[in-house]
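Residues per chain, in single letters:
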Amino acid sequence: MVFAAGNIRDAAADGPRRSVRPGPGRKRVQRQVETRAQQSADYVLGGSETELNRLRAQAEEYDEQARWLLDTVGIRPGSRALDVGCGPIGILRLLSEMVGPSGEVVGLEREHRFVELARYEIERLGLQNVQVIEADALSSGLESESFDLVHERLVLVNVPEREALLAEMLRLTAPGGFVALEDIDNVSWLCEPAHPSWDALLAVFHQAFRAGGGDPFVGRRLPSLLRDTSANDVQARLWAELPRPNQYRRTHLLSLVNSIRERILQMNLMSESELDAHRQALVQHLADPNTVVVEKLLMQCWGRKPAQS
Ligand SMILES: C[S@@+](CC[C@H](N)C(=O)[O-])C[C@H]1O[C@@H](n2cnc3c(N)ncnc32)[C@H](O)[C@@H]1O
């Protein structure tokens, strides 16, 4: 394992500072000066209340899959792990449990509001081995090769700079350590019986999402994207689900459309009244227990950084 040394600077130049208390045996995170020129595109789904609630619900429902992935890559007590684009919680809680008191977890997040919320949640849950830094993942300033595991979930799907983000994740991974990715592929996403409002809302969502640099079908590309880095032993697993009527993912399309509503309207993809009418119709259709929703695929992909870089 490789550990960073030096002083913690846990907020970007324009964000609030929080002094991180190194506990017994706790390692310190070193960051260098931010390079604004390397900033990536804005987060396509924004930092609204709607998006916050969506991310919290999503994190809860993907817990089982994330646990499986961490077990598979063999994250152990004492490990040092980074969750890139952790949002308001990501997998920080899970990582904290798995690395234990002798390990260390860092969450890296650019959206100021999510950083504050993640810190609040960490405090509330008493996760002593976790800290969150506010920075752009493309220019985090974290020390090279300082994490045994570098993970992202649902970040590559949103950012146009996928190769650059992966290169940065590899840079931060210790030789012999793992890079782990979790992203969706909307190829399977449908409802049965089909409904015109589902089709209309999914189409405008895809258009608006792509216009912001997102790729709703990135899941299938994870193995090749990871193989194009220096990672070895690249492996992948796909998950598909049938969300039940009371599950968050059953109405996920409605939440996503809410998060990206302003962009849809700005792009004149649909009028406000059309959007609301489709929404209302789809709420009813999805509330019917006889409607089946086939979830988008969740692709997990992981690989190891060669021992000698
Ligand atoms: C869909 S959310 C996923 C959040 C979390 N990983 C989870 O699975 O619950 C994507 C997150 O990536 C963050 N993000 C996007 N681009 C980023 C960047 N360049 N640097 C840091 N965070 C970024 C967003 O702010 C957002 O919180």
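Quick notes on the rules
- Residues numbered from 1 in each chain as written.
- Predicted model: local features only at pLDDT ≥ 70, side-chain atom pairs only at ≥ 80, totals over all residues.
- Helix = DSSP H or I, 4+ residues; strand = E, 2+ residues; numbered from the N terminus.
- Buried ≥ 20, exposed ≤ 12 C-beta atoms within 10 Å, placed from the backbone.
- Contact = placed C-beta atoms within 7 Å.
- Arc of directions from axis to C-beta.
- Pairing = 2+ DSSP bridges.
- Axes fitted to C-alpha atoms, helices over the stretch in contact; angles between N-to-C directions.
- Near = placed C-beta within 6 Å.
- Nonpolar A, V, L, I, M, F, W, Y, C, P; charged D, E, K, R; others polar.
- Right-handed = clockwise from strand over helix to strand, strands pointing away.
- Core = buried A, V, L, I, M, F, W, Y, C linked by C-beta atoms within 7 Å.
- Expected span 1.5 Å × (residues − 1).
- pLDDT = per-residue confidence, 0-100.

Novice: Quick rundown of the overall build of the protein? Include the residues and the values.
Specialist: A count of helices and strands for the protein gives 10 helices and nine strands. Here the protein, with 309 residues, has 43% of them falling under the buried criterion. Here the contacts in the protein between residues at least 6 apart in sequence split such that 81% fall between residues at least 24 apart.

Novice: Break down unusual backbone geometry for me, citing the residues and quoting the values.
Specialist: Following E192, the chain continues into P193 via a peptide bond in cis, with omega recorded as 0°. Checked against the element boundaries, P193 lands in the loop between β6 (190-192) and α6 (196-211). One non-glycine residue with positive phi stands out, namely L154, at about 60°. Within the element layout of this structure, L154 appears in the loop between β4 (147-153) and α5 (162-172).

Novice: So, helix α2 (residues 63-73): which residues are in play, and what are the values?
Specialist: Among the residues of α2, those classed as buried are A66, L69, L70 and V73. Along the axis of α2, the buried positions cluster into a sector of 95°, meaning they face one direction only. In α2, the exposed residues that point more than 90 degrees away from the buried face are E64, W68 and D71. Taken together, the buried residues of α2 touch α3 (92-99), β4, β5 (173-185) and β9 (297-304). In the stretch just after α2, G74 is the one whose phi turns positive, near 80°.

Novice: Please provide a residue-by-residue account of the sheet that holds β5, values included.
Specialist: Two orientations exist for strands paired in a sheet by backbone hydrogen bonds: parallel and antiparallel. The seven strands are arranged β3-β2-β1-β4-β5-β9-β7 in an open sheet whose pairing can be described as mixed. The open sheet has two free edges, formed respectively by β3 (130-134) and β7 (232-239), since each of these has just one partner strand. When the angles between neighbouring strand axes are averaged without regard to direction, this sheet yields 15°. Strand direction decides the pairing type here: strand β2 (residues 104-109) and β3, joined by five bridges, are parallel.

Novice: Which residues make up the site of the ligand, and what values go with them?
Specialist: As a structural note, the neighbourhood of the ligand is formed by 22 residues, with G85, G87, R110, A137 and R153 the closest of them. Among the elements of the structure, α1 (49-61) and β2 are those that each provide at least two residues to the shell around the ligand. With three residues, the top contributor of residues to the shell around the ligand is α1. In terms of residue class, the shell around the ligand is made up of 11 nonpolar, six polar and five charged.

Novice: Now, about the pairing of strand β1 (residues 80-84): what can you tell me, with residues and values included?
Specialist: Most of β1 sits out of view: five of its five residues are buried. Side-chain alternation along β1 places R80, L82 and V84 on one buried face and A81 and D83 on a second face that is also buried. When β1 meets β2, the two strands line up parallel, connected through five bridges. Within β2, the residue paired with A81 across the bridge is V105. Assessed by its sense of winding, the connection that carries the chain from β1 through α3 to β2 is right-handed. Of the pairings in the sheet, the one linking β1 to β4 comprises four bridges and is parallel in character. Bridge pairing in β4 places V84 opposite E152.

Novice: Which residues make up the nonpolar core, and what values go with them?
Specialist: Judged by nonpolar contacts, the single largest core of 60 residues is most densely connected at L92, A118 and V179. Here this core gets six residues from one element, more than from any other, and that element is β5. Those residues within four positions of V179 in sequence are excluded, and the remaining contacts are V150, M169, L170, T173, L226, A231, W302, G303 and K305. If you look at the next biggest cluster of nonpolar residues, it comprises 16 residues, including V204, L256, I264 and L286.

Novice: Give a description of helix α10 (residues 272-287) that names residues and reports values.
Specialist: One turn of the α-helix equals 3.6 residues, which is why residues spaced by three or four share an orientation. If you check α10, its first and last C-alpha atoms are 23 Å apart, about what 16 residues at 1.5 Å a residue would give, namely 22 Å. Of the surrounding elements, those touching the buried residues of α10 are α6, α8 (252-259) and β8 (292-294).

Novice: How would you explain the environment of V159 if you had to name every residue and give the values?
Specialist: Mapped onto the elements of the fold, V159 is located in the loop between β4 and α5. Among the residues examined, V159 registers 23 C-beta atoms within 10 Å and is labelled buried. Taking C-alpha positions, V159 is 6.0 Å from G213, a pair spaced 54 residues apart along the chain.

Novice: Lay out the confidence of the model for the protein in plain terms, naming residues and giving numbers.
Specialist: On average, residues of the protein score 85 in pLDDT, and 83% of them reach the 70 mark or higher. Segment residues 1-28 is flagged for pLDDT under 50; beyond a separation of four residues in sequence, or across chains, it makes 50 contacts in the model. Below pLDDT 50 for its whole length, residues 30-38 participates in 21 contacts with residues either more than four positions away or in separate chains.

Novice: Please give an account of the pairing of β5 that cites residues and values.
Specialist: Taking burial as the measure, the 13 residues of β5 include 11 buried ones, the bulk of the element. As defined by bridge partners, β4 adjoins β5 across six bridges and the pair is classed as parallel. Bridged to V150 within β5 is V179. Handedness of the β-α-β unit built from β4, α5 and β5 comes out right-handed. Across eight bridges, β5 lies against β9 in antiparallel orientation. If you follow L181 over to β9, its bridge partner there is C301.

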